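The primary structure of each chain is shown beneath.
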Amino acid sequence: MHTAAGVEACLPIRSDMDLVWVRQHVRQAAALLGFGLVEQTKLITAASELARNTLVHGGGGQMEATRVSSGGAQGLRLSFSDEGPGIADLDLALSDGYTSGGGLGMGLSGARRLVHEFDIDSTPGAGTTVRVTCWVAQPPRPREEA
Amino acid sequence: MSDASPRPVPGQVPVLRLGDVLLVTLQGDLHDSTAQQLQQDLAETISRTGVRGVLIDISGVEIVDSFLGRVLAEIAAQAKLLAARTVVAGMRPAVAITLVELGLTLPGLSTALSTEAGMRLLTQHSPVPGAGGPRQESP
Ligand SMILES: Nc1ncnc2c1ncn2[C@@H]1O[C@H](COP(=O)(O)OP(=O)(O)OP(=O)(O)O)[C@@H](O)[C@H]1O
Ligand SMILES: [Mg+2]
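About the cut-offs
Within each chain, residue numbers correspond to sequence positions counted from 1 in written order. Naming scheme: in the order in which they are written, chains are lettered from A and ligands are numbered from 1. It should be noted that, the model being predicted, local features are given only for residues of pLDDT at least 70 and side-chain atom pairs only at 80 or more, the latter also being counted only at that level, while totals for whole chains, interfaces and linings use all residues. For the side-chain quantities, the full set of heavy atoms in the structure was used; hydrogens and water were omitted. Using a grid of 1 Å spacing that covers the protein atoms alone, one calls a set of points a cavity when a 1.4 Å probe fits there but cannot get out, and a pocket when the set is open and has protein on both sides within 12 Å along at least five of seven lines; lining residues are those with an atom within 4 Å of a point. Grid points are joined across faces, edges and corners, and a volume is the space filled by probe spheres set on the points. A run of H or I in DSSP counts as a helix once it spans at least four residues, and a run of E counts as a strand once it spans at least two, with each numbered from the N terminus. In this classification, the charged set is Asp, Glu, Lys and Arg, the nonpolar set is Ala, Val, Leu, Ile, Met, Phe, Trp, Tyr, Cys and Pro, and all remaining amino acids, among them Gly, are polar. The near set for a molecule or strand comprises every residue that places at least one heavy atom within 4 Å of it. Polar contacts, as counted here, are pairs of nitrogen or oxygen atoms within 3.5 Å of one another; within protein the pair requires one atom able to donate a hydrogen and one able to accept it, and residues that are adjacent in sequence qualify only if both atoms are side-chain atoms. A pair of strands is treated as paired once DSSP finds two or more bridges between them. Inter-axis angles, ranging from 0 to 180 degrees, are taken between N-to-C directions of lines fitted to C-alpha atoms, where helices are fitted over the stretch in contact. A contact between two residues is defined here by any heavy atoms of the two lying within 4.5 Å.

Attention now goes to the layout of surface pockets. Here the largest pocket defines a volume of roughly 770 Å³. Considering the residues around the largest pocket, the lining is formed by 37 residues, among which Asn53, Val56, His57, Thr99 and Ser100 of chain A are closest to the centre. Every element with two or more residues in the lining of the largest pocket is listed here: helix 2 (16-33), helix 3 (37-56), strand 3 (73-82), helix 4 (90-93), helix 5 (107-114) and strand 5 (127-135) of chain A together with helix 2 (66-81) of chain B. Among the elements that make up the lining of the largest pocket, the one with the highest residue count is helix 3 of chain A (seven residues). Of the residues in the lining of the largest pocket, the class split is 16 nonpolar, 14 polar and seven charged.

In structure tokens form, the structure reads like this:
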């Protein structure tokens, strides 16, 4: 499809400059897929939180953006991965206000609320991958409450 | 998102002085380091000039994440310690909706819908809360 070119990408996350590129790419991809303004804003904000975690806690990594479809619905999937220290206690990391550093601890739990689907795969000592998906207009299944 | 996205501009955010108020206009997509630099610059400028207010226009800002939200809150907190009030003006509706869902309600920030309204807030001759007289920190 003609939009795949502007949607699919793999971007490095190594500096705060890269965070700007990640946000710009997500903005462009979400606009191409037809997301509304509020949904675009939520998605870019979630991506910014997750990319910053990849950079700050994971020691750098990458974001992969892919276009997904399911039963006629179009969506954007973003996958943030690093080979950093991993997360030992996922429930703790996902609770509002928990931070191991000087943050507000709202990034991970907040990003989860901003998207339709959210999952984390983390192995202590090996790295972390956070995958989020947003569907244009109608999510194919009801959103989960945190 | 309507217009072509501006290129990211590393470096400085201009700080304008209008009488007793510093006017800061944030635009486009800010680098973390640019936001942090602004935070430092503002503290120095407030203390050097003795202004009583800081007006931050974010109508050109498409997203506020927890990092920028925290920088704004810290700017307001440090300005208050330096006897100045901060008003954040012009937040886009989509940004407000997203911040609340993110869990960042930024209770310490004063806001206004426009820079004009923000300027009125700052130039009313009301005392600066908590910065008017000698302060004592409780232990
Ligand atoms: N990619 C990652 N690798 C390792 N640890 C992570 C990763 N992402 C998150 N964490 C852990 O989860 C905690 C919570 O993350 P969250 O984004 O909610 O808060 P924060 O980054 O500490 O602060 P904030 O995002 O509000 O500035 C982090 O403090 C960190 O310990
Ligand atoms: Mg974070």
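The full set close to ligand 1 counts 19 residues, and Asn53, His57, Thr99, Ser100 and Gly105 of chain A are the nearest of them. Per-site note: the chains with residues close to ligand 1 are chains A and B. In the environment of ligand 1, an oxygen atom lies 3.1 Å from a nitrogen or oxygen atom belonging to the backbone of leucine 104 of chain A. Between glycine 105 of chain A and ligand 1, the recorded distance is 2.8 Å, taken from a backbone N or O atom to an oxygen atom.

Under the criterion given, the structure shown has one cavity of 30 Å³ or more. Roughly 150 Å³ of volume is contained in the largest cavity. Lining the largest cavity are 17 residues, and of these Arg23 of chain A together with Asp29, Leu30, Ile63 and Leu68 of chain B lie nearest its centre. Counting only elements with at least two residues in the lining of the largest cavity, the list comes to helix 2 and helix 3 of chain A together with helix 1 (32-49) and helix 2 of chain B.

Our next topic: the sheet that holds strand 5 (residues 110-112) of chain B. Residues and elements named next belong to chain B. Taken together, the five strands give an open sheet; going across it, the order is 1-2-3-4-5, and neighbouring strands pair in mixed fashion. Since the sheet does not close on itself, it has two edges, and those belong to strand 1 (15-18) and strand 5, each with one partner. Taken pair by pair, the neighbouring strands of this sheet meet at an average axis angle of 25°, ignoring direction. Pairing analysis gives four bridges linking strand 1 to strand 2 (residues 21-27), with the strands arranged antiparallel. The partner of leucine 16 across the bridge, within strand 2, is leucine 23. Relative to the sheet, helix 4 (residues 115-123) contacts strand 1, strand 2, strand 3 (53-60), strand 4 (85-89) and strand 5, its axis offset from that of strand 3 by approximately 170°.

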